[in-house]
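If you want the building blocks of each chain, they are given just below.
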Amino acid sequence: MALIIPSDKRPKVVLPPIEKPKQLPIAEVSVTAKDLIANVEKVIVGKHEQVLLAVAVLLAEGHLLVEDVPGVAKTMLARALAQSAGCTFKRIQCTPDLQPSDVLGEPHLDPQSGRSEFHFGPLFSQFVLVDEINRASPRTQAALLEAMGEASVTEGNVTYRLQKPFMVIATQNPIEQEGTFLLPEAQKDRFLLRMSLGYPELTDEKEMVERFQLRHPIETLQPVSTPDRILKCQEAVREIKVPSEVNDFILKIVRATRSHPALLLGASPRGSLGLFRAVQAMAGIEGNYSASIEQAKHLAQKVLAHRLIIRKEDKYRGVKVEDIVAEILSQS
């Protein structure tokens, strides 16, 4: 006969407590960021500040808008950053006839099984370059909003989560406006930061030509990180302290844009959060456990300027949003 042990006398199984995953030290975040910057600069010559900002946007889990003329390596910046991070990369070339389904994907009916299967579009990648975004129709531009805001895509009754890290890098030519559609404020507000690359200096352009003599450096660029490492860096950046005085300074700047007489529309709370996250990322790159007011001043123009709308009468007088942000900073 089997021996039956009363339940109150059976040995209790004690499970060890679940340990919280160890957070990546900020020093390692800084090393990873600097490795990414150095690797991207094998392709992008003489643009250290812009590469630094692109890496900061990645660590802050944001999206980047690059406005510049053709041929200044906007596409190469996106591709080099994706390869350096060891992430998947897709490019979407925007045209007026581009449909939302060309970006998101669409359901297809399998003739053999009779079942509908969703075929994922190019947006389902960790890094997505949306080239000449202002050439896409407003309907197609709007298809990006959910992905950029919530890292998900909804088709019918099903919501698909996008693989992380997820970053959209969009480009547009600010000079040529024929056949383009201006980005609505809701779209621009989804970008953490806007920047331009500009033409290289003479010495940098000479170095670039010499490097590209035999083949493009992007062809041999190797990863210096992994998606998991990037995610750990992003988690560590979220924990970076933003002192009360720095937070107050950020809010003071943002709120000043809402009452400036030359502005029809100031920065939204998403602008406040964007600047908050950007200073955290910059502190992480510099290896600091705490953000500073100097970092907020340095990033304010790039994070806030594209979110502001100038009144028509002031725009006609040549007033620029960058000048308004600079004025607000000088008075803060």
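Everything below is about the structure shown above.
Residues numbered from 1 in each chain as written. Predicted model: local features only at pLDDT ≥ 70, side-chain atom pairs only at ≥ 80, totals over all residues. Heavy atoms only, no water.

**Some words on the side chain of Gln-187**
Stage number 1. Here Gln-187 lies in helix 7 (residues 185-188).
Stage number 2. If near-sequence neighbours (up to four positions away) are discounted, Gln-187 is found in contact with Ile-133, Gln-141, Ala-142, Leu-144, Leu-145 and Met-148. (Helix = DSSP H or I, 4+ residues; strand = E, 2+ residues; numbered from the N terminus. Contact = heavy atoms within 4.5 Å.)

**Considering the sheet that holds strand 1 (residues 64-67)**
Stage number 1. The strand order across the open sheet built from five strands is 2-5-8-1-9, with neighbouring strands paired in parallel fashion. Each edge of the open sheet carries a strand with a single partner, namely strand 2 (89-93) and strand 9 (193-195). Between one strand and the next, the sheet's axes are offset by a mean angle of 15°, whatever the strand orientation.
Stage number 2. The sheet contact formed by strand 1 and strand 8 (residues 167-172) spans four bridges and is parallel. Across the sheet, the residue bridging to Leu-64 is Ile-169, located in strand 8.
Stage number 3. Across the sheet, helix 2 (residues 48-59) lies against strand 1, strand 5 (127-131), strand 8 and strand 9, angled at about 165° from strand 9, the strand it touches most. (Pairing = 2+ DSSP bridges. Axes fitted to C-alpha atoms, helices over the stretch in contact; angles between N-to-C directions.)

**Some details on helix 12 (residues 293-304)**
Stage number 1. For helix 12, with 12 residues, the first-to-last C-alpha span of 15 Å sits near the 16 Å given by 1.5 Å per residue.
Stage number 2. Along helix 12, the residues classified as buried are Gln-295, Ala-296, Leu-299, Ala-300, Val-303 and Leu-304. The arc that holds the buried residues of helix 12, viewed along the axis, is 140°, so those residues lie on one side.
Stage number 3. Where helix 12 is buried, its residues touch helix 2, strand 9, helix 10 (244-259), helix 11 (269-285) and helix 14 (321-330). (Expected span 1.5 Å × (residues − 1). Buried < 20%, exposed > 50% of the residue type's maximum accessible area, 1.4 Å probe, protein only. Arc of directions from axis to C-beta.)

**Some thoughts on the pattern of salt bridges**
Stage number 1. Counted according to the given criterion, the structure contains 10 salt bridges.
Stage number 2. Measuring nitrogen to oxygen at the nearest pair gives 2.9 Å for the salt bridge that ties Glu-61 to Arg-238. One end of the pair, Glu-61, is in the loop between helix 2 and strand 1; the other, Arg-238, is in helix 9 (residues 227-238), with 177 residues separating them in the sequence.
Stage number 3. Overall, the relative accessible area of 30% leaves Glu-61 in the partly exposed class.
Stage number 4. Measuring nitrogen to oxygen at the nearest pair gives 3.3 Å for the salt bridge that ties Glu-61 to Arg-277. One end of the pair, Glu-61, is in the loop between helix 2 and strand 1; the other, Arg-277, is in helix 11, and 216 residues separate them in sequence.
Stage number 5. When its relative accessible area of 10% is taken as the criterion, Arg-277 is described as buried.
Stage number 6. Residues joined in a network through salt bridges with shared partners are Glu-61, Arg-238 and Arg-277. (Salt bridge = Lys/Arg side-chain N within 4 Å of Asp/Glu carboxyl O.)

**Brief notes about the side chain of Ser-30**
Stage number 1. Counting through the fold element by element, Ser-30 comes out in helix 1 (residues 26-40).
Stage number 2. Under the relative-accessibility criterion, Ser-30 is labelled buried at 6%.
Stage number 3. Leaving out residues up to four positions away in the same chain, Ser-30 has contacts with Gly-284, Ile-285, Glu-286 and Gly-287.

**Structural notes on the nonpolar core**
Stage number 1. One finds Leu-59, Leu-64, Leu-81, Phe-127 and Ile-169 to be the most contacted residues of the largest nonpolar core, which totals 76 residues.
Stage number 2. For this core, the leading source of residues is helix 2, giving nine residues.
Stage number 3. Leu-59 has contacts with Val-29, Ala-33, Cys-233, Gln-234, Val-237, Arg-277, Ala-281 and Ile-285, leaving out every residue within four places of it along the chain.
Stage number 4. Residues Leu-65, Ile-92, Ala-143 and Phe-191 belong to the second largest nonpolar core, which totals 22 residues. (Core = buried A, V, L, I, M, F, W, Y, C linked by side-chain atoms within 4.5 Å.)

**Some remarks on unusual backbone geometry**
Stage number 1. The residue after Lys-164, namely Pro-165, is reached through a cis peptide bond having omega -5°.
Stage number 2. Mapped onto the secondary structure, Pro-165 falls in the loop between strand 7 (158-161) and strand 8.
Stage number 3. A positive phi is found at Glu-132, a non-glycine position, where the angle reads about 55°.
Stage number 4. Relative to the helices and strands, Glu-132 is located in the loop between strand 5 and helix 5 (138-142).
Stage number 5. With a relative accessible area of 27%, Glu-132 lands in the partly exposed category.
Stage number 6. One non-glycine residue with positive phi stands out, namely Ala-151, at about 55°.

**Quick look at the packing of aromatic side chains**
Stage number 1. All chains considered together, the criterion is met by six aromatic pairs.
Stage number 2. Here Phe-118 and Tyr-160 contribute two aromatic rings whose centre-to-centre distance is 4.8 Å and whose plane-to-plane angle is 15°, an arrangement assigned as stacked. Of the two residues, Phe-118 sits in strand 4 (residues 116-120) while Tyr-160 sits in strand 7, which places them 42 residues apart along the sequence.
Stage number 3. Of the aromatic side chains, those joined through ring pairs into one cluster are Phe-118, Phe-120, Phe-124 and Tyr-160. (Phe/Tyr/Trp six-rings, centres within 6.5 Å; stacked < 30°, edge-to-face > 60°.)

**Let's talk about the environment of Ser-196**
Stage number 1. Considering the arrangement of structural elements, one finds Ser-196 in the loop between strand 9 and helix 8 (202-211).
Stage number 2. In this structure, the C-alpha to C-alpha distance between Ser-196 and Pro-25, residues 171 residues apart in sequence, is 32 Å.
Stage number 3. Ignoring anything within four residues of it in the chain, the contact list for Ser-196 reads Gln-50, Glu-67 and Asp-68.

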